[in-house]
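Examining the three-dimensional arrangement
Here's the letter readout for the chains.
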Amino acid sequence: PYGHCIKQYTPSGKLVQVLGTPGQAGSLLNPLQFDQPAEIFVHDSGEIYIVDGDGGLNNRLIKLSSDLEVLWSHGEKGPGLAQFYIPHSVTVDDAHRVWVADRGNKRIQVFNSVTGEWLGSWGSCFTEGAPYSVRLTPDKKLFVVVQMNANQISLLSAPPVGLIGECKVASVIQLAEDVKAHLVDVDLKTGALYVAEIKAQQVQKFVP
């Protein structure tokens with residue numbers, strides 16, 4: 001990500017596939033083009049979710065099949081429903097819901113993973129900073145959300161199936177000033193959090 005294409009490598013480092021055209025920004029879905037894709041999430045099914053638009057031409061969410069066919073997309077810039085302004089992170093839960101950190105709009109938007117239907121959004125938890133990165137804990141009970149400008153890691157209660165509602169903060173990890181946490185990932189076996197911090201130029205690990 002963070003260019004004009006997405007590359008896939010084997011564990012040994014061999015390049016096996018390229019999506020998009022290196023060095024060429026674009027917005028087409030056929031053939032696929034990108035400009036500043038921020039993150040890619042590969043589901044256990046092999047389906048792929050991409051947020052494309054960290055300040056480039058695009059502000060969109062794309063779902064691909066395991067065969068790399070476009071299944072659905074939302075791709076309009078703006079503050080409205082299913083619109084984005086710098087979509088920066090994406091994850092999928094076990095209830096067929098796609099959660100997107102819509103950074104520029106200071107909210108998380110939620111979609112049905114099968115149909116692409118808009119289900120709701122969370123914004124009330126992000127008054128101090130915008131959500132930069134979103135992941136689920138292994139027990140699926142909490143969302144881990146990094147807010148770079150607030151130097152915080154927020155743990156938000158995951159809603160039950162069939163309900164989005166308002167976001168509820170379960171707890172907050174306050175980081176040191178000017179750390180600037182940018183992205184987070186979760187070890188699904190141990191529950192450990194790994195936080196990439198661009199101002200501090202380091203990665204921190206947090207254990208449950």
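It should be noted that the structure appears before, not after, this text.
What this report covers is the structure whose coordinates are included nearby. Everything numeric in this text was worked out from a predicted model, so none of it was measured.

Procedures and definitions
- Residues numbered from 1 in each chain as written.
- Predicted model: local features only at pLDDT ≥ 70, side-chain atom pairs only at ≥ 80, totals over all residues.
- Heavy atoms only, no water.
- Pairing = 2+ DSSP bridges.
- Helix = DSSP H or I, 4+ residues; strand = E, 2+ residues; numbered from the N terminus.
- Axes fitted to C-alpha atoms, helices over the stretch in contact; angles between N-to-C directions.
- Buried < 20%, exposed > 50% of the residue type's maximum accessible area, 1.4 Å probe, protein only.
- Disulfide = S-S within 2.5 Å.

1. Some remarks on the sheet that holds strand 11 (residues 107-112)
Hydrogen bonding along the main chain pairs the strands of a sheet, whether they run parallel or antiparallel. Taken in spatial order, the four strands make up an open sheet running 9-10-11-12, and their pairing is antiparallel. Each end of this open sheet is capped by a strand with a single partner; those strands are strand 9 (87-92) and strand 12 (118-122). Going across the sheet, the axis of each strand differs from the next one's by a mean of 20 degrees, ignoring polarity. Relative to strand 10 (residues 97-102), strand 9 is paired through five bridges, and the arrangement is antiparallel. Of the residues in strand 10, the one forming a bridge with serine 89 is alanine 101.

2. Observations concerning unusual backbone geometry
Note that the residue after asparagine 30, namely proline 31, is joined by a cis bond; omega there is 0 degrees. Note on placement: proline 31 falls in the loop between strand 2 (15-20) and strand 3 (37-42). With a phi angle near 55 degrees, lysine 106 is a residue other than glycine that sits in the positive phi range. Assessed through its relative accessible area of 33%, lysine 106 is described here as partly exposed. Non-glycine residue asparagine 151 carries a positive phi angle of around 55 degrees. Here asparagine 151 lies in the loop between strand 14 (142-147) and strand 15 (152-157).

3. Regarding the state of the cysteines
Under the criterion given, the structure shown has one disulfide. Linked covalently through their sulfurs, cysteine 125 and cysteine 167 form a disulfide whose S-S length is 2.2 Å. Because the torsion about its S-S bond is 130 degrees, the bridge between cysteine 125 and cysteine 167 counts as right-handed. Placement of the pair is cysteine 125 in the loop between strand 12 and strand 13 (131-136) and cysteine 167 in the loop between strand 15 and strand 16 (169-174), with a sequence separation of 42 residues. The exposure classification of cysteine 125 matches that of cysteine 167, with both residues buried.

Functional significance is not addressed by these values, which are geometric in nature.
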